[in-house]
Amino acid sequence: MASTSQSCIAQKSWELNNSVEHISSVDEIFKYDKKQQQDILIAKPWDKDPHFFKDIKISALALLKMVMHARSGGNLEVMGLLLGKVDGNTMIVMETFALPVEGTETRVNAQAQAYEYMTAYIESAKQVGRLENAIGWYHSHPGYGCWLSGIDVSTQMLNQNFQEPFVAIVIDPVRTISAGKVCIGAFRTYPKGYKPPNEEPSEYQTIPLNKIEDFGVHCNQYYSLEITYFKSALDRKLLDSLWNKYWVNTLSSSSLITNDDYLTGQIFDISEKLEQSESQVSRYVLSGDLHEKRVEDKLSKATKDSNKTTIEVLHGLMAQTIKDKLFNNVFYKSDRCQLVAMD
Amino acid sequence: MASEFMEIDDASKKFMAPVGVPSVTVSLHPLVIMNISEHWTRVRAQEGKAKQVVGALIGKQTGRKLEIMNSFELLLIKIDNDMIIDKAYYTAKEEQFKQVFCDMDFLGWYTTGVDTPNESDIKNHKQACTINESPILLKLNPYAGHTDLPITLYESVTDLVNGEPTMLFVEVQYTLATEEAERIGVDHVARMVSNETGESSLVAEHLTAQYNAIKMLHTRVKMILEYVKAVQNKELPKNHEILRELYSLTHRLPVMQSPKFNAEFYTQCNDVALITYLGSITKCCNNMNQFVNKFNILHDRQGLGRKVRGLFY
């Protein structure tokens, strides 16, 4: 017993004398190993397997920056670049930066406009110790969900030909606010003509009527990566202390009021979808064996959409009711100088 | 002799002005805090030990209100034994950020450190003054404990000390900016591990957030209650300012009681109820439709040879 504590003391005093700092393993991810990255770039393991990258890790800061940038664009699409590195089958996004580009949904390779900006930014970033390279791009789909449009698919295929490894991230700031959780997706396209072996239906998403065709035509040309997030020890501490002041904002947010525009739009969309499905239902023809179960009819899809909207609205009302109960149902009885709670 | 001791005592506070009235109100976005934290962590991970980092703060200023919205790193270069901010690097970065954030300006700079501002901070601050007349200094302490945000903001004033005009710092109070998307992002990132179980209910997630906030409210109220009880039992001296604030706080409850508010609130409830009703009807219609389809299929199977389609249509 005594010997172990002695060696413990000895180790600690050695550490103190040599100011050895423990970098917890959580923060190891922030270290950029240039040699390792160059080796990976030379080996190019993704060339042989179109499904090589399976998941993606995004840093807390990168997520926050993307959300803020997407939000600042309002109803316009914004775009930016991702900086990071590769680790086995995982892509890691450390940082992001915004690009001064407009109209990303109208032309392929809108990034070309910002090449000068990109190179200048990455150059100056290297000078302050940010050594990672570009690993992907992100853009926003305000209000219409996280998926790749036809133009996005072409852009991404181009990127995957010339700038591998590259990933496409799509973020929807409007749905983020309406649903109360971050609406984000990370995608990689398959090479032209490649047929994915085992096509599992991806999670259903509400897509507005005017975009549904675009979605349907291209949805089999890409797959989505599993997203996880990471943060440093200092981030964790700061976020904890942030909560000490931020809880007020959580209580005081009223999503019914912030989202009413989006909600109205959704209701219009649902009503149009229902009208369309009505015509489909009345034309339903009996056929001997029904086609594969995966093709859902329009009514089911419209139902899912209306469920989603209803749930969001109910959540908003829950928040309002909580506030009402907390702050409105207490009375001040001046004669007895007491606060009396009402049921 | 005594004056010497005084000087040593005040050495750390040499650059702090006596408490005065700050001239600006500052609102800080959590994104900036995360930026600085990442910058510090990254430098530490790469160099192997912690170093002081420096960067610029940008945002919007309207009159006396400052909103610090973003930040970026700055380069420190060694000139005659001093670490000075590299001006050329700053100008290059300024050009860049003006392209993307055209309505944001340079508002100040940040650094990491443990105490109140010191000698080198003054030098860097003077440099920042060449870009903006009255920049803000943000100091983050990466080694602080868990309780409060270890961030302090200062602005500079020029005072006469010993007959010479010197630059002193005054602490500035700040609030946290509240943008809905940011709040959701911060919330998500702060609690990200809790939803790995797979079977996550949407309602549970939403209510957990509310529950945590209410828990905080409860602890705060409890603390106030204990304070008042202690004062009543004469355990603590009466602080009239606090008691006055408490009085005004309790008098503000209930927050909204006018009949107009009640009418609006009930209208909102009715709207939500209507949407819920429509949603349930849609769901019902869908279920009915599915049922009828399946029923038709079953019956058709039985009458396969007879082609009596029209009957079930």
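Figured I'd write up the structure that's included with this text. Just so you know, these numbers come straight off a predicted model, no measurement behind them. (Residues numbered from 1 in each chain as written. Chains lettered and ligands numbered in written order. Predicted model: local features only at pLDDT ≥ 70, side-chain atom pairs only at ≥ 80, totals over all residues. Heavy atoms only, no water.)

1. Considering the pattern of salt bridges
So, point 1. A full pass over the atoms with the stated rule returns 18 salt bridges over all chains.
So, point 2. A salt bridge links Asp-39 of chain A to Lys-35 of chain A; the shortest N-O distance between them is 3.3 Å. Separated by four residues within a single helix, Asp-39 of chain A and Lys-35 of chain A lie in helix α2 (residues 34–43), roughly one turn from each other.
So, point 3. You can call Lys-35 of chain A exposed: its relative accessible area is 56%.
So, point 4. Notably, a salt bridge pairs Lys-65 of chain A with Glu-95 of chain A, separated by 2.7 Å at the nearest N-O pair. Placement of Lys-65 of chain A in helix α3 (residues 60–72) and of Glu-95 of chain A in strand β3 (residues 90–98) is noted, with a sequence separation of 30 residues between them. In this structure, Lys-65 of chain A and Glu-95 of chain A share a single accessibility class: buried.
So, point 5. Among the ionic contacts, a cluster of salt bridges with common partners joins Lys-65, Glu-95, Arg-130 and Glu-132 of chain A together with Glu-38, Arg-42 and Glu-73 of chain B. (Salt bridge = Lys/Arg side-chain N within 4 Å of Asp/Glu carboxyl O. Helix = DSSP H or I, 4+ residues; strand = E, 2+ residues; numbered from the N terminus. Buried < 20%, exposed > 50% of the residue type's maximum accessible area, 1.4 Å probe, protein only.)

2. Concerning the state of the cysteines
Residues and elements named next belong to chain A.
So, point 1. Under the counting rule described, the total for this entry stands at zero disulfides over all chains.
So, point 2. Between Cys-219, a free cysteine, and Cys-146, which holds the nearest cysteine sulfur, the sulfur-to-sulfur gap is 15 Å.
So, point 3. Using a relative accessible area of 27% as the deciding quantity, one classes Cys-219 as partly exposed. (Disulfide = S-S within 2.5 Å.)

3. Regarding helix α4 (residues 115–127) of chain A
Note on helix geometry: an α-helix contains 3.6 residues per turn, so any two residues three or four positions apart are oriented the same way.
Residue and element names in this part refer to chain A.
So, point 1. Between its first and last C-alpha, α4 extends 19 Å over 13 residues, near the 18 Å set by a 1.5 Å rise per residue.
So, point 2. Residues Tyr-117, Met-118, Tyr-121, Ile-122, Ser-124 and Ala-125 constitute the buried set of α4. Down the axis of α4, the smallest arc covering the buried residues is 170°, so these residues share one side. For α4, the exposed residues set more than 90 degrees away from the buried face come down to Glu-116, Thr-119 and Glu-123. (Expected span 1.5 Å × (residues − 1). Arc of directions from axis to C-beta.)

4. Digging into the sheet that holds strand β4 (residues 133–140) of chain A
Residue and element names in this part refer to chain A.
So, point 1. The strand order around the closed barrel built from seven strands is β1-β3-β2-β4-β5-β6-β7, with neighbouring strands paired in mixed fashion. Between one strand axis and the next, the sheet turns through 35° on average, direction left out of account.
So, point 2. Relative to strand β6 (residues 184–189), strand β5 (residues 167–171) runs antiparallel, the two sharing four bridges. Across the sheet, the residue bridging to Val-170 is Gly-185, located in β6. (Pairing = 2+ DSSP bridges. Axes fitted to C-alpha atoms, helices over the stretch in contact; angles between N-to-C directions.)

5. Considering the interface of chain A and chain B
So, point 1. At the interface, 95 residues of chain A touch 96 residues of chain B.
So, point 2. The contact between chain A and chain B buries some 9300 Å² in all, and 66% of this surface belongs to carbon and sulfur atoms.
So, point 3. Its salt-bridge partner being Glu-38 of chain B, residue Arg-130 of chain A comes within 2.8 Å of it at the nearest N-O pair.
So, point 4. If you look at where chain A meets chain B, you find 15 residue pairs in polar contact (both at pLDDT 80 or more).
So, point 5. For the side of chain A that touches chain B, the element with the most residues is helix α11 (residues 298–328) of chain A, which contributes 20 residues. (Contact = heavy atoms within 4.5 Å. Buried area = accessible area lost by both parts, 1.4 Å probe. Polar contact = N/O pair within 3.5 Å; in protein donor to acceptor, adjacent residues only side chain to side chain.)

6. Considerations on unusual backbone geometry
So, point 1. With omega at -10°, the peptide bond leading from Glu-164 of chain A into Pro-165 of chain A counts as cis.
So, point 2. Mapped onto the fold, Pro-165 of chain A is located in the loop between α5 (150–162) and β5.

7. Remarks on the environment of Asp-103 of chain B
Residue and element names in this part refer to chain B.
So, point 1. Mapped onto the elements, Asp-103 comes out in the loop between α3 (87–100) and β6 (105–112).
So, point 2. The exposure class of Asp-103 is partly exposed, given its relative accessible area of 46%.
So, point 3. Along the chain, Asp-103 and Ile-58 lie 45 residues apart, while their C-alpha atoms are 9.8 Å from each other.
So, point 4. When near neighbours in sequence (up to four residues on either side) are disregarded, Asp-103 contacts Gly-59 and Lys-60.

8. Quick notes on the sheet that holds β6 of chain B
Residues and elements named next belong to chain B.
So, point 1. Taken together, eight strands build an open sheet; the order of strands is β9-β8-β7-β6-β2-β3-β1-β10 and the sheet is mixed. Across the chains shown, the open sheet's two edge strands, defined by having one partner strand only, are β9 (164–172) and β10 (174–176). Each strand of the sheet is rotated relative to its neighbour by a mean of 35°, with strand direction disregarded.
So, point 2. Where strand β1 (residues 25–28) lies against β10, three bridges are found, and the strand directions are parallel. Its bridge partner being in β10, Val-26 is matched across the sheet by Tyr-174.
So, point 3. Its contacts with the sheet put helix α2 (residues 30–47) on β1, β2 (54–62), β3 (65–73), β6, β7 (136–140), β8 (151–161) and β10, and the angle it makes with β3 is roughly 25°.
So, point 4. Helix α4 (residues 119–131) contacts β6, β7, β8 and β9 of the sheet and is inclined by roughly 170° relative to β6.

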